[in-house]
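# Fold and contact review
If you want the building blocks of each chain, they are given just below.
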Amino acid sequence: MSKRHPIIAVTGSSGAGTTTTGQIFSRMFASEGLRAAMVSGDSFHRYNREQMARLAAKGQFGERNHFALAANHIDKLEALFYDYGHTGNGRYRQYVHDEDRDLAAAGHKPGTFTPWGPLPADTDLLFYEGLHGGVVSETCNIAQYVDLLIGVVPIVNLEWIQKIHRDTHKRGYSQDAVVETIINRMDDYVHDIVPQFSHTHINFQRIPLVDTSNPFVVRDVPTEDESMLVIRFRDPSDVEFSYLLQVISGSSLSRHDTLVIPGTKMPLAMDLIVRPMVQRLMARKPFA
């Protein structure tokens, strides 16, 4: 059976900007008149919030294992991508975040999952945002089912700064506890997260222009206007670099396949770069 239904996946660790990217895509889909099945990687975690806390208290797992393949239903994620690509259907669930008022109003407790169920019917494409959209391992190959795979990742010092700031200011953890988490999950990050960025079609990497040489003492997260964005294309042959350099002020080429732009220009750049790719995907889709 040939693949008929497009899948777009944005992969990157928590705090990398995948959520913001998801919002950009949502607006893009709406303006193109496309109905997307929106899937979050959080919903494929194996453990809910209370289970993770109990395991962490016993020293068995901890937050780091959200990165690890073993702490996620990778088999169900791969099955979803396969089924959707071939049939336009599949099974998923939702993770209930603290801010998910609609799910809470429906009786779902924050930190838990909704029951597994079918995707919405009659969607034009599937959009995934999470940790594992480009995983290739000895037991699975999720990247093979993705028509457009995008990596969103800051350089590692900036990623640590963002995590420390978020977890200490918004989640009430001590800095020592957050640093310990970063250290404990490093093996999972290196083996399960980083390799995905070699399978992506495009990588968006944010690089700060301020000193982050010791991320554990930085008090403020570098802002977008204190950053540059490095955009690397796997296949630059179809990219109109001359056009992008003309319409994105402050942009330049650092290599034949790499565009560098001001950090504040990410929404514009993503729209200019990705929208034509989405349009081509939909134009190639064989409608029954």
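Attention in this report is confined to the structure presented alongside it. (Residues numbered from 1 in each chain as written. Predicted model: local features only at pLDDT ≥ 70, side-chain atom pairs only at ≥ 80, totals over all residues. Heavy atoms only, no water.)

## With respect to the pattern of salt bridges
For the structure shown, the criterion picks out five salt bridges. R275 is the salt-bridge partner of E32, the closest N and O atoms lying 2.7 Å from each other. With a gap of 243 residues between them, E32 in the loop between helix 1 (18–31) and strand 2 (36–40) and R275 in helix 9 (residues 266–284) connect regions that are remote in the sequence. According to the relative accessible area criterion, R275 is buried, its value standing at 19%. For the salt bridge of D271 with R275, the shortest nitrogen-to-oxygen distance reads 2.7 Å. (Salt bridge = Lys/Arg side-chain N within 4 Å of Asp/Glu carboxyl O. Helix = DSSP H or I, 4+ residues; strand = E, 2+ residues; numbered from the N terminus. Buried < 20%, exposed > 50% of the residue type's maximum accessible area, 1.4 Å probe, protein only.)

## Some details on the layout of surface pockets
The volume enclosed by the second largest pocket comes to roughly 330 Å³. Taken together, 13 residues make up the lining of the second largest pocket; nearest its centre are L148, H201, D238, M277 and R280. Per-element tally for the lining of the second largest pocket: the top contributor is helix 9, with four residues. Of the residues contributing to the lining of the second largest pocket, the split by class is six nonpolar, one polar and six charged. (1 Å grid on protein atoms, 1.4 Å probe; cavity = no way out; pocket = protein on both sides within 12 Å on 5 of 7 lines; lining within 4 Å. Points joined across faces, edges and corners; volume = space filled by probe spheres on them. Nonpolar A, V, L, I, M, F, W, Y, C, P; charged D, E, K, R; others polar.)

## Regarding empty space enclosed by the protein
Rolled over the atoms, a probe sized like a water molecule indicates the empty space that remains. Under the defined criterion, the tally for this structure stands at one cavity of 30 Å³ or more. Of the volumes computed, that of the largest cavity is approximately 60 Å³. Forming the walls of the largest cavity are F67, V156, E159, W160, K163, I182, R185, M186 and Y189. A total of four residues in the lining of the largest cavity trace back to one element, the largest contributor, which is helix 5 (residues 156–169). In the lining of the largest cavity, the residues fall into six nonpolar, no polar and three charged.

## Quick notes on unusual backbone geometry
One non-glycine residue, D122, adopts positive backbone phi at about 60 degrees. Residue class for D122 comes out exposed when judged on its relative accessible area of 72%.

## Comments concerning the packing of aromatic side chains
For the coordinates displayed, the defined rule picks out 10 aromatic pairs. Aromatic pair F81 and Y128: ring centres 5.6 Å apart, planes at 85 degrees, arrangement edge-to-face. Here F81 is found in helix 3 (residues 74–87), whereas its partner Y128 is found in strand 5 (residues 125–130), with 47 residues between them in sequence. One exposure class covers both F81 and Y128, and it is buried. For the ring pair Y82 and Y145, a centre distance of 5.8 Å and an interplane angle of 85 degrees mean the geometry is edge-to-face. Taken together, the residues Y82 in helix 3 and Y145 in the loop between strand 5 and strand 6 (148–154) connect sequence positions 63 residues apart. (Phe/Tyr/Trp six-rings, centres within 6.5 Å; stacked < 30°, edge-to-face > 60°.)

## Describing the nonpolar core
In this structure, I8, F25, F29, I231, I273, V274 and V278 are the most contacted members of the largest nonpolar core, which totals 33 residues. Top element by residues in this core is helix 9. It accounts for nine residues. Contacts of I231, omitting those with residues within four sequence positions, involve I202, N203, F204, D257, T258, L259, I261, A269 and I273. With 22 residues, the next largest nonpolar core counts F44, L119, Y128 and C140 among its residues. (Core = buried A, V, L, I, M, F, W, Y, C linked by side-chain atoms within 4.5 Å. Contact = heavy atoms within 4.5 Å.)

## Here's the deal with the sheet that holds strand 7 (residues 202–208)
With respect to topology, eight strands assemble into an open sheet ordered 2-5-1-6-7-8-10-9, the strand pairing being mixed. Of all strands in the sheet, those bounded by a partner on one side alone are strand 2 and strand 9 (252–255). Ignoring strand direction, the axes of neighbouring strands in this sheet form an average angle of 20 degrees. With five bridges joining them, strand 6 and strand 7 adopt parallel strand pairing. Pairing of V153 across the sheet is with Q205, part of strand 7. The strands touched by helix 3 within the sheet are strand 1 (7–11), strand 2 and strand 5, with strand 5 carrying the most contacts at an inclination of about 160 degrees. Each of strand 1, strand 5, strand 6, strand 7, strand 8 (227–233) and strand 10 (258–262) is contacted by helix 9, which is oriented at about 165 degrees to strand 6, the strand it contacts most. (Pairing = 2+ DSSP bridges. Axes fitted to C-alpha atoms, helices over the stretch in contact; angles between N-to-C directions.)

## Focus on a negative patch on the surface
A cluster of acidic residues, D220, E224, D225 and E226, forms a negative patch at the surface. Inspection of the secondary structure assignment puts D225 in the loop between strand 7 and strand 8. (Patch = residues over 30% accessible without salt bridge, like charges linked within 9 Å, V, L, I, M, F, W, Y side chains within 5 Å. Areas by Shrake-Rupley, 256 points an atom, 1.4 Å probe, with all protein chains shown as cover. Lys, Arg positive; Asp, Glu negative; His and termini not counted. Charge placed at Lys NZ, Arg CZ, Asp CG, Glu CD.)

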